[in-house]
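Descriptive analysis of the structure
What follows is each chain in one-letter form.
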Amino acid sequence: MSGCVEFKKLLLHICCGPCALWPLERLLEEGVDLSLFFYNPNIHPQVEWERRLDNAIRVADHYRVPLIVQGSSSEQEWQKRANDGDERCSYCYRVRFSHVAELAGAQGFDAISTTLLVSPWQKRDRILQEGQRVAAGRGIAFLPYDWREGYRKGQAMARDLGLYRQKYCGCVISLGESSFRESITKDHQELTRRREGSAGLT
Ligand code: SF4
């Protein structure tokens with residue numbers, strides 16, 4: 001269901017493991033030739049970025065699809081946009097999709113899309129606007145999938161696989177606005193402590 005756009009190879013931006021499950025079920029059933037690309041500098045803090053990456057790796061392994069990883073957590077650009085409302089999200093989509101489109105063009109993919117399109121919590125209109133604009137600039141297609149009807153099924157699959165399911169979108173602002181921020185922050189502190197401990201830093 002790609003809006004009847006002809007394409008050969010899809011580079012699919014993966015925002016996290018749970019959101020990727022339903023799109024991958026659908027795309028692999030359709031026989032789409034695809035690779036995943038984890039590029040999410042919006043995710044704050046670094047320990048959360050690592051946790052979501054771990055999940056993305058598990059999902060890629062589960063479906064045996066290639067996964068490309070670039071970047072790391074970058075708080076400052078999102079912090080600067082604390083008062084920009086929905087414009088901050090447009091910026092966030094633009095930064096990520098620009099990078100996805102650039103890599104796609106360089107590596108012979110002729111279409112891109114994103115697992116964010118499974119989430120009813122994301123700003124679909126802005127995703128499509130930013131995705132189509134950056135893809136057009138590279139002469140490739142942005143595929144406007146609508147996987148939202150499978151969101152709950154994907155979350156249930158994530159639960160069955162034992163994947164971590166986050167309670168905030170990703171950036172430092174969304175963490176601050178989450179009603180779960182205290183427990184999430186404690187979680188981050190504990191994760192950081194454990195990682196430092198296993199790296200012999202304590
Ligand atoms: S709320 Fe989500 S989409 Fe919007 S800027 Fe933050 S991480 Fe990006």
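The paragraphs below set out a description of the structure included in this document.

Parameters and conventions
Residues numbered from 1 in each chain as written. Predicted model: local features only at pLDDT ≥ 70, side-chain atom pairs only at ≥ 80, totals over all residues. Heavy atoms only, no water. Helix = DSSP H or I, 4+ residues; strand = E, 2+ residues; numbered from the N terminus. Buried < 20%, exposed > 50% of the residue type's maximum accessible area, 1.4 Å probe, protein only. Contact = heavy atoms within 4.5 Å. Areas by Shrake-Rupley, 256 points an atom, 1.4 Å probe, with all protein chains shown as cover. Core = buried A, V, L, I, M, F, W, Y, C linked by side-chain atoms within 4.5 Å. Near = heavy atom within 4 Å. Nonpolar A, V, L, I, M, F, W, Y, C, P; charged D, E, K, R; others polar. Axes fitted to C-alpha atoms, helices over the stretch in contact; angles between N-to-C directions. Parallel < 35°, antiparallel > 145°, perpendicular 65-115°, else oblique. Left-handed = near helix turned anticlockwise from the far one by under 90°. Salt bridge = Lys/Arg side-chain N within 4 Å of Asp/Glu carboxyl O.

Concerning the overall build of the protein chain
Secondary structure assignment for the protein chain yields 8 helices and 5 strands. Seen in sequence order, the protein chain has helices and strands lined up from the N terminus as β-α-β-α-β-α-α-β-α-β-α-α-α. If one aligns the C-alpha atoms of the protein chain with their principal axes, the spans along those axes are about 50 × 35 × 30 Å. Looking at the 202 residues of the protein chain, the share that counts as buried comes to 49%. Once local pairs closer than 6 in sequence are excluded, the contacts in the protein chain between residues at least 24 apart make up 77%. Carbon and sulfur atoms provide 47% of the accessible area of the protein chain, an area that totals close to 10,200 Å².

Re the nonpolar core
Most often, soluble globular proteins keep nonpolar side chains buried together rather than apart. Residues Leu10, Leu11 and Ile112 are the most contacted members of the largest nonpolar core, which totals 53 residues. Here this core gets 7 residues from one element, more than from any other, and that element is helix 4 (residues 86–106). Setting aside residues up to four positions removed in sequence, leucine 11 forms contacts with Ser35, Leu36, Phe37, Ile68, Val100, Leu103, Ala104, Phe109, Ala111, Ile112 and Ser113. Counting 6 residues, the second largest nonpolar core, distinct from the first, contains Trp78, Tyr91, Cys92 and Ile173.

Focus on the site of the ligand
Within the structure, the ligand sits among Asn42, Trp78, Arg88, Cys89, Cys92, Tyr93, Gln122, Cys169, Gly170, Cys171 and Ser174. For the shell around the ligand, the element with the most residues is helix 4, which contributes 4 residues. When grouped by side-chain class, the residues that make up the shell around the ligand number 6 nonpolar, 4 polar and 1 charged.

Comments concerning the packing of helix 1 (residues 17–29) against helix 6 (residues 151–161)
It is the contact of helix 1 with helix 6, at a shortest axis distance of 8 Å, that shows an interaxial angle of 115°. In terms of axis orientation, helix 1 runs roughly perpendicular to helix 6. Regarding helix 1 and helix 6, the two cross each other, and that crossing is right-handed. Only Lys153, Gly154, Gln155, Met157, Ala158 and Leu161 of helix 6 make contact with helix 1, whose side of the interface consists of Pro18, Leu21, Trp22 and Glu25. The class makeup of the residues in the contact of helix 1 with helix 6 is 6 nonpolar, 2 polar and 2 charged.

Some words on the packing of helix 2 (residues 46–63) against helix 8 (residues 181–198)
Two numbers describe how helix 2 lies on helix 8: the axes approach to 10 Å, and their chain directions differ by 80°. One finds that helix 2 runs roughly perpendicular with respect to helix 8. Seen from helix 2, the contacting residues are Val47, Glu48, Glu50, Arg51 and Asp54; seen from helix 8, they are Asp187, His188, Leu191, Thr192 and Arg195.

Describing the pattern of salt bridges
Evaluation of the coordinates by the stated rule reveals 16 salt bridges. One salt bridge connects arginine 51 with glutamate 48, and the closest N-O pair in it is separated by 3.1 Å. Note that arginine 51 and glutamate 48 are positioned in helix 2 at a spacing of 3 residues, about one turn of the helix. For glutamate 48, a relative accessible area of 0% corresponds to the buried category. The residue aspartate 86 makes a salt bridge to lysine 123 at a minimum N-O spacing of 3.8 Å. Of this pair, aspartate 86 sits in helix 4 while lysine 123 sits in the loop between strand 4 (111–114) and helix 5 (124–138); the two residues are 37 residues apart in sequence, bridging distant segments of the chain. Lysine 123 sits in the partly exposed class, given a relative accessible area of 29%.

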